[in-house]
Amino acid sequence: MKILFAVSEPIDPLLLSGIASQPDFPFDYSVATNFEDAGHLLDEGGYDAAVADYALPGGTAEGLISRVSSVPLVISAKPGEEDCAVRAVKLGAYDFIMRDMQGAYLKTLALTLQSVIKRKQYEQELELYREQLESIVSARTRELEHELSERTKSAIRAERTLKEKELMLKEIHHRVKNSMQIISGLISMEALNATDEKSQTLLRESEHRVRSIAMLHENILSGGAPGEIDFGVFAGQLAGQLVECYARRGLHVELKLESSGAMLGLEEAMPCTQILNELVTNSLKYAFVDRAEGRIFIRFRRDASGYRELQVADDGAGIDPPYVAGSARKLGLQLVEALVSQLKGYLTCTSAGGTVFTIRF
């Protein structure tokens, strides 16, 4: 795979060269040091992803968005550019990372890029399924319009078309679920073959991310309304599975769920699922160190003004240092921040008597 780096400061290419020389950096890359060169390279194509500093000599990364419609663009923002990075994501950038002058963010850059590229691949596959569905439905609709010209058969035609759409949509969810389960199984096999604990942990976390997507499609497939899910019920199922997988021997985690029965479509349920997976996993990994028991609280509701609220809390040790929006360094919280931006919502965190993450969208 090939990556384009558009950087604004001379130190960045030197740091990047040191990181890229390591054997676990799986990319070829090119470097552009200004807006114009970055644009020319993107126009030439051949890149799997691009990482661009928000402020470049000659322009900003926002000006590159229209040139990377098929390539995920990750914004690299320095402190003080958080709002600009979030705006760029809303305009079409794929994600953003926060950089520091010491280049520490480059050490996890390979994992970030791999995650971004995989997410882009999943989205392209889903888009292909949707296009195929629309093509089949369109062709079938034309046939029905030609065959059924009488008014009394119009209702029959509409009913048949609707049923076909529902069946095809279920088939898509079924195929996506099966694909995610296969991918999850392959990652699990890689984890078993990993020789060090760090690699095993990273692979297990990736496995659970993919498995959560498979669970979502399975629940939508078995749900009542096509393409919708009672997310409160699903949240309890997903969290329960994570508790079984992550809770160490001798630790009892009590799961508390509060839900108002609010329904979500796939476009909102997908990022909410990934957010829930990351936050519950963080609680299980870090909140109950040296403890024999703990509690995790999940609440999902729709308020009187129509906003949805997803809250994940625990009674553990609390996050240290206190979380500040836009300052996440770990991949999990960076992913949460990007997904909250995708929902056009906002994220808050308190850490008194435990940790409480609240997402409102």
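Residues numbered from 1 in each chain as written. Predicted model: local features only at pLDDT ≥ 70, side-chain atom pairs only at ≥ 80, totals over all residues. Heavy atoms only, no water.

Undergrad: Even after reading the chapter, I still don't get unusual backbone geometry, so can you show me in this structure?
TA: Glycine aside, the phi torsion of most residues is negative, and most peptide linkages are trans. Although it is not a glycine, Asp 290 adopts a positive phi angle of roughly 60°. Note on placement: Asp 290 falls in the loop between α8 (266–286) and β11 (293–302). Although it is not a glycine, Lys 344 sits at a positive phi angle of roughly 60°. According to the relative accessible area criterion, Lys 344 is exposed, its value standing at 61%. (Helix = DSSP H or I, 4+ residues; strand = E, 2+ residues; numbered from the N terminus. Buried < 20%, exposed > 50% of the residue type's maximum accessible area, 1.4 Å probe, protein only.)

Undergrad: Just to check I follow, could you spell out the sheet that holds strand β12 (residues 308–314) for this structure?
TA: Each strand in a sheet pairs with another by means of backbone hydrogen bonds, the pair being arranged parallel or else antiparallel. The mixed open sheet is built from five strands, whose spatial order is β9-β11-β12-β14-β13. Among the strands making up the open sheet, the edge pair consists of β9 (252–259) and β13 (346–350). Each strand of the sheet is rotated relative to its neighbour by a mean of 10°, with strand direction disregarded. Where β9 meets β11, eight bridges bridge the pair, whose relative direction is parallel. Note that in β11 the partner of Glu 258 across the bridge is Arg 299. Its contacts with the sheet put α8 on β9, β11, β12 and β14 (355–360), and the angle it makes with β12 is roughly 15°. Taken strand by strand, helix α9 (residues 331–342) contacts β13 and β14, and its axis lies near 140° from that of β13. (Pairing = 2+ DSSP bridges. Axes fitted to C-alpha atoms, helices over the stretch in contact; angles between N-to-C directions. Contact = heavy atoms within 4.5 Å.)

Undergrad: Please explain the side chain of Asp 303 as it appears in this structure.
TA: Along the chain, Asp 303 turns up in the loop between β11 and β12. Residue classification places Asp 303 among the buried positions, given a relative accessible area of 17%. A polar contact is formed between the side chain of Asp 303 and the side chain of Ser 305, at a distance of 2.8 Å. (Polar contact = N/O pair within 3.5 Å; in protein donor to acceptor, adjacent residues only side chain to side chain.)

Undergrad: Teacher, can you tell me more about the sheet that holds strand β2 (residues 28–32) here?
TA: Ordered in space as β2-β1-β3-β6-β7, the five strands form an open sheet in which the pairing is parallel. Only two strands of the sheet have a single partner each, and these edge strands are β2 and β7 (95–98). Going across the sheet, the axis of each strand differs from the next one's by a mean of 20°, ignoring polarity. By the bridge criterion, four bridges tie strand β3 (residues 49–53) to strand β6 (residues 73–77) in an arrangement that is parallel. Across the sheet, Asp 53 pairs through a bridge with Ser 76, a residue of β6.

Undergrad: Which parts of the structure should I look at to understand the packing of helix α6 (residues 197–222) against α8?
TA: A pair of packed helices is characterised by two quantities: the angle between their axes and the separation of those axes. Axis separation between α6 and α8 bottoms out at 10 Å; the angle between their running directions is 140°. When the axes of α6 and α8 are compared, the pair comes out oblique. Judged by the twist between their axes, the crossing of α6 over α8 is right-handed. Contacts from Thr 201, Glu 205, His 208, Arg 209, Ser 212, Ile 213, Leu 216, His 217 and Ile 220 of α6 reach α8 at Leu 266, Ala 269, Met 270, Thr 273, Gln 274, Asn 277, Glu 278 and Lys 285. Counted by class, the contact of α6 with α8 contains six nonpolar, seven polar and four charged residues. (Parallel < 35°, antiparallel > 145°, perpendicular 65-115°, else oblique. Left-handed = near helix turned anticlockwise from the far one by under 90°. Nonpolar A, V, L, I, M, F, W, Y, C, P; charged D, E, K, R; others polar.)

Undergrad: I tried to follow the side chain of Asn 219 on my own but got confused; where do I start?
TA: Checked against the element boundaries, Asn 219 lands in helix α6. On the basis of relative accessible area, Asn 219 is assigned to the buried category, the value being 18%. Here Met 215 takes part through its backbone oxygen, which lies 2.8 Å from a polar atom of the side chain of Asn 219. Apart from residues lying up to four places away in sequence, Asn 219 is in contact with Ile 229, Phe 234 and Gln 237.

Undergrad: Which parts of the structure should I look at to understand the packing of α6 against helix α7 (residues 231–246)?
TA: Closest axis-to-axis distance for the α6/α7 pair is 11 Å, and the angle between their directions is 150°. Viewed along their axes, α6 and α7 adopt a mutual orientation that is roughly antiparallel. Crossing hand, α6 versus α7: right-handed. Only Phe 234, Gln 237, Leu 238, Gln 241, Leu 242, Cys 245 and Tyr 246 of α7 make contact with α6, whose side of the interface consists of Arg 204, Glu 205, His 208, Arg 211, Ser 212, Met 215, Leu 216 and Asn 219. Taken together, the residues of the contact of α6 with α7 break down into seven nonpolar, five polar and three charged.

Undergrad: Help me out: how do you make sense of the nonpolar core in this one?
TA: What tends to happen in soluble globular proteins is that the nonpolar side chains get buried as a cluster. In this structure, Phe 231, Ile 275 and Val 280 are the most contacted members of the largest nonpolar core, which totals 52 residues. Residues contacting Phe 231, with those up to four places away along its chain left out, are Ala 262, Leu 264, Ala 269, Cys 272, Thr 273, Leu 276, Phe 300 and Leu 310. Counting residues in each nonpolar core, the second largest holds 25 residues, with Leu 4, Phe 35, Ala 50 and Ile 65 among its members. (Core = buried A, V, L, I, M, F, W, Y, C linked by side-chain atoms within 4.5 Å.)

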